[in-house]
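Examining the three-dimensional arrangement
Each chain, letter by letter, is given below.
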Amino acid sequence: MRGTTEAATRVASAPMSGAPMSSTTRRLAVGALAIWMLAVVGTWSNANAGSTPSAGARLISQMRAAASQTDFSGVVDVTWRSSSGKREHATVEVHSVDGVLEVSSNGRIVLDEDGQTFVKDELGWSSTPEVPDPKHRPAPDAQWHLTLRPTTVEDRAATMVVASRADGTAAQRLVIDDATHLLLERQVVARDGTVERAFRFVSLDLDPAIAAAGLATTPSTPSRTAKAINDVPDGYHAPERSGAGAVLVSTAAHDGGIQLVYTDGLFSLSVLEQRGELDWDALPAGGTDTTVDGARARSYTQPMGNVVVWERDGVVFTCASDAPDDVLRASIAGLRAEPSTAEQVVDFVLGPFGFD
Amino acid sequence: MTDGPDVIGTPPPTGPAGSDDDLTLVSGYLDNELSDDERAFVEARLADSQEWRDELDAVRVARDAVRALGTREAPAGFWTGVTTAVEAQPAIAVPEPEQTVEAEPNVVPISAATGNRGRRRAVAWIAGAAAVAASLVAMFMIPGRSQVRPNVAAVATSHGATSAKVGDPISGLVPLGPDREPR
């Protein structure tokens, strides 16, 4: 910078009579101009880096569209680690026809149609409330560094997209079919490098007739839609960003409380807030005792991700995420309820008596 | 009217009630805690002054209202919170008395200071009423805390469906296939 300033000063103080500049002055002027141009180009490049999706982000976007645009049928091997660290395993069949995706295993069926999800188990069909359309969804590379490398799955040419943490460790590996852009394999990776959960197609058939033959009947239950809300009710808390920086994309009234959905562009986090006192005895077995910000909590390891339940300040939080455990922990840190207006009044009244 | 017993023999002109000492006497009168002289003094005032009678009625109504409130169960977890808060307070060291002060002839025992006793009683009534009012606010304004039994399996399934919508369908739905959800 010092040389640039000096050069600029010399150019400005050059005689106006038209006398030729010395060679030293010319070199300095050209150097200053070059530095200025590099700075301008660099600034322009940085400014556009955030708005132009990387190759990895583009590939992930194509992958997300492919599942509803491609008819296929396949068998998927699903693995995950239980709370005790034991490796669990299951095999599921997947069929996709005309945008209807069906997953089945041992009589259990999960069916998704136009964003509405139905589940059939031994009790019959039920529907999952459809969350409001996500808004302002960040790009897959908004918070993750994505790198690509070629690979193969079951003799199919594919590309692996590795999403890395800031420290360079892999958080997720996606293997995407080069021909169809279908997701063939996914690994969610802990910070220590172990795979927390994964699935992988062990067979894939792109024949539409075969795919259609595998579809079950239409669900015999009405669909449900969670009611989107703009204003968070008194006593609840809906920060615009989670502790890990994921963006709030959906807010709905649900199950006597509110349901929030966050995403960082790659993973998502669901937060159910319900006012009241957590009935610990009513929680299902199989959980692991843990803490969230010092509060007692219980964690469940599932094939889809982890679920953590805890209570703070009169609100019960039930959070689920498909992210690695360290990312989930960072996301839910700091989640707490705002005291309601009534509680604030009582605190004001009782405060002087020391009962607040 | 500040030194009641000293003026018993010669009742002063009827004056308005309302000073701290008047309230103390009225309160003590209702609680039957006055000496014979004090009682006679108060009754003389009540006989002569409408304001004193009004004051007596007002104190009686307030006292009866407080006593009629009865008791109510504290909300679940309240006492746990109180004891936790108390236990969290640093212990207060109580110094041992180094010496005993011998009573002197001119020192009046505190128990004999009836004027202060009455003032403390009035303050106690006011503080008690304020505490009751605060408790009423707490009981009626804080919504009752209901027991929450979150459906962990439903939240897990719902999240898979949400992931399918926010992210990609295969990642969100395939892991929902295995029937391994908590019940």
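Below, the structure is looked at part by part.

1. Re the overall build of chain A
Scanning chain A from terminus to terminus reveals six helices and 20 strands. Out of the 356 residues belonging to chain A, those deemed buried represent 35%. Summarising the internal contacts of chain A: among those between residues at least 6 apart in sequence, 54% fall at separations of at least 24.

2. As for the nonpolar core
In terms of nonpolar packing, the biggest core is built from 79 residues, with Ile176, Val307, Val308 and Cys319 of chain A together with Leu173 and Val174 of chain B touching the most fellow members. No other element matches helix α6 (residues 152-166) of chain B, which puts six residues into this core. Ignoring any residue separated from it by four or fewer positions in sequence, one finds Leu173 of chain B in contact with Leu101, Val103, Val110 and Asp112 of chain A together with Gly160 and Ala164 of chain B. One finds Leu23, Leu34, Phe41 and Leu56 of chain B within the second-largest nonpolar core, a separate group that totals nine residues.

3. As for the sheet that holds strand β17 (residues 288-292) of chain A
Reading across the sheet, the eight strands line up as β12-β13-β14-β15-β20-β19-β18-β17 (chain A) and stay open at both edges, with antiparallel pairing between neighbours. The strands lining the two open edges of the sheet, one partner per strand, are β12 (227-228) and β17 of chain A. Sheet analysis places strand β15 (residues 268-275) of chain A next to strand β20 (residues 315-321) of chain A, joined by seven bridges and oriented antiparallel. Paired with Leu269 of chain A across the strands is Ser321 of chain A, a residue of β20 of chain A. Packed onto the sheet, α6 of chain B meets β13 (247-254), β14 (257-263), β15, β18 (295-302), β19 (305-312) and β20 of chain A and runs at close to 140 degrees relative to β15 of chain A.

4. Thoughts on α6 of chain B
Given a rise of 1.5 Å per residue, 15 residues ought to cover 21 Å, and the 20 Å separating the end C-alpha atoms of α6 of chain B matches this to within 8%. With respect to burial, α6 of chain B is a largely interior element, 13 of its 15 residues being buried.

5. Concerning the pairing of strand β1 (residues 72-81) of chain A
All names here are of chain A. Sheet topology places β1 next to strand β2 (residues 87-97); 10 bridges connect them, and they run antiparallel. Residue pairing across strands places Gly74 opposite Val94, the latter belonging to β2. In this antiparallel pair of consecutive strands, β1 and β2, the connection spans five residues, and Gly85 shows a positive phi of 95 degrees. Here β1 runs beside strand β11 (residues 195-205); their pairing, made up of eight bridges, is antiparallel.

6. Some remarks on the environment of Ala285 of chain A
Its place among the elements puts Ala285 of chain A in the loop between β16 (277-278) and β17. Between the C-alpha atoms of Ala285 of chain A and Tyr300 of chain A, which are 15 residues apart in sequence, the distance is 9.1 Å.

7. Regarding the sheet that holds strand β9 (residues 170-177) of chain A
Residue and element names in this part refer to chain A. Taken in spatial order, the 11 strands make up an open sheet running β6-β5-β4-β3-β2-β1-β11-β10-β9-β8-β7, and their pairing is antiparallel. At either end of the open sheet lies a strand with only one pairing partner, and these are β6 (124-128) and β7 (145-153). The mean angle between the axes of side-by-side strands here comes to 20 degrees, regardless of whether they run parallel or antiparallel. Here strand β10 (residues 183-189) runs beside β11; their pairing, made up of five bridges, is antiparallel. Looking at the pairing, Gln187 lines up with Ala198 of β11.

8. Comments concerning the packing of helix α1 (residues 20-30) of chain B against helix α2 (residues 36-48) of chain B
Helix-helix packing is characterised by the crossing angle of the two axes and by the distance between the axes. All names here are of chain B. Two elements in contact, α1 and α2, have axes separated by 10 Å at closest approach and are oriented at 110 degrees. Classified by the angle between their axes, α1 and α2 sit roughly perpendicular to one another. Judged by residue contacts, Leu25, Val26, Gly28 and Tyr29 of α1 engage Glu38, Arg39 and Val42 from α2. Here the contact of α1 with α2 is built from residues that sort into four nonpolar, one polar and two charged.

About the criteria used
- Residues numbered from 1 in each chain as written.
- Chains lettered and ligands numbered in written order.
- Predicted model: local features only at pLDDT ≥ 70, side-chain atom pairs only at ≥ 80, totals over all residues.
- Helix = DSSP H or I, 4+ residues; strand = E, 2+ residues; numbered from the N terminus.
- Buried ≥ 20, exposed ≤ 12 C-beta atoms within 10 Å, placed from the backbone.
- Contact = placed C-beta atoms within 7 Å.
- Core = buried A, V, L, I, M, F, W, Y, C linked by C-beta atoms within 7 Å.
- Pairing = 2+ DSSP bridges.
- Axes fitted to C-alpha atoms, helices over the stretch in contact; angles between N-to-C directions.
- Expected span 1.5 Å × (residues − 1).
- Parallel < 35°, antiparallel > 145°, perpendicular 65-115°, else oblique.
- Nonpolar A, V, L, I, M, F, W, Y, C, P; charged D, E, K, R; others polar.

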